[in-house]
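These are the residues of each chain, in order.
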Amino acid sequence: MIGLFACTEPVMHSSPVPVAVSPVAISPVATSPVAEATPFRYQVYALPTSDVHTVEIPSGSQFLVTPAIAAETAHLEAFAQQNRAVAVLNGGFFDPQNQKSTSYVVQNQQLMGDPTENERLMQNPDLTAYLKKILDRTEFRRYQCGSIQQYDIALHSQPVPEGCQLVDALGAGPRLLPELTSEQEGFTATNADGAVIRDALGSTQPNARTAIGITADGGLLWVMAAQKPGLPHSGLSLSELAAFMQRQGIEKAMNLDGGSSSALFYRGETIHGKIDAQGNPIARPVKSVLLLQPNQN
């Protein structure tokens, strides 16, 4: 969690910024093979400033990715136990003081997280100029289109495709791919001279980060970029996170809550992204998550 409302907000310009991608190929240093009973893959990539943990959910998988939100903040293990999830990724932004969501969350067509009900967000004079953008940030969506289920990443105001129903959504932001849209979503701002006057996510600085992406064929990739012990400034900036995901073949991607909220639960263990000065992981409870569960349909 970074910033007043568990946000990390990148330094961007007033127009979308294409992501520059290094041609260097990066191979995982640890892999959990895709087994018939668990058709997804966990990998770890050792980058110079971050160990990046990924979970790949192929298109057509018998596992669903759905959001969950708690009445009070909770650790990822609790979300996993309550929902019988095989993996959990931290989700949207929240206010740690009142434990209310600052991101929209929809579960089974029901609005479960509504930032307009968070008085500390809506009545904060420092955020008044950005509220319209804050309430229209990027969200991860699951649609039911007839007999077909599909995932998408879209602004909150973007209409649902014709013939589809919005089943689930989890807001966060900003969009990472195909372009970074931090200023459009109220995370950053510049003055008339082009100087940055707001960067709620510390976007150009390395930090623990979390994201989700969609491949061209509709598969998903979870990403949790962890800090490295012994490095005074470790982690990834938002542009580095976007570039990593693009190298993995991701076409659409969005940032999730980062910093001390960054965490991934997998195979009974939680990997925390943020570490303290002694290199110990910081275990912070969160408000919302993404779950990986067997599809019961």
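Residues numbered from 1 in each chain as written. Predicted model: local features only at pLDDT ≥ 70, side-chain atom pairs only at ≥ 80, totals over all residues. Heavy atoms only, no water.

Asks: Tell me about helix H1 (residues 76-83), residues and numbers included.
Replies: For H1, the set of buried residues is Leu76, Phe79 and Ala80. The buried residues of H1 all sit within an arc of 100 degrees when viewed along its axis, so they share a single face. Exposed side chains of H1 directed beyond 90 degrees from the buried face belong to Gln81 and Gln82. Structurally, H1 contributes buried residues whose contacts are with strand E5 (63-74), strand E6 (87-90), strand E21 (263-266), strand E22 (269-272) and strand E23 (286-294). Just downstream of H1 lies Arg84, where phi reads positive at about 55 degrees. (Buried < 20%, exposed > 50% of the residue type's maximum accessible area, 1.4 Å probe, protein only. Helix = DSSP H or I, 4+ residues; strand = E, 2+ residues; numbered from the N terminus. Arc of directions from axis to C-beta. Contact = heavy atoms within 4.5 Å.)

Asks: Describe the sheet that holds strand E10 (residues 110-113), naming the residues involved and giving the relevant values.
Replies: Spatially, 5 strands are ordered E10-E9-E13-E11-E12 in an open sheet, and the strand pairing comes out antiparallel. Of all strands in the sheet, those with a lone pairing partner are E10 and strand E12 (148-155), marking the two edges. Adjacent strand axes in the sheet meet at a mean angle of 30 degrees when their direction is disregarded. Note that strand E11 (residues 138-145) and E12 share 8 bridges and pair antiparallel. Residue pairing in the sheet places Thr138 in a bridge with Leu155 of E12. (Pairing = 2+ DSSP bridges. Axes fitted to C-alpha atoms, helices over the stretch in contact; angles between N-to-C directions.)

Asks: Give a description of the pattern of salt bridges that names residues and reports values.
Replies: Oppositely charged side chains are able to pair whenever their charged atoms sit close together. Applying the stated criterion across every chain yields a total of 7 salt bridges. Glu56 is the salt-bridge partner of Arg41, the closest N and O atoms lying 2.8 Å from each other. Of the two residues, Arg41 sits in strand E3 (residues 41-46) while Glu56 sits in strand E4 (residues 51-57), which places them 15 residues apart along the sequence. Given a relative accessible area of 30%, Arg41 falls into the partly exposed group. Across the pair Asp51 and Lys228 runs a salt bridge whose closest N-O atoms are separated by 3.5 Å. (Salt bridge = Lys/Arg side-chain N within 4 Å of Asp/Glu carboxyl O.)

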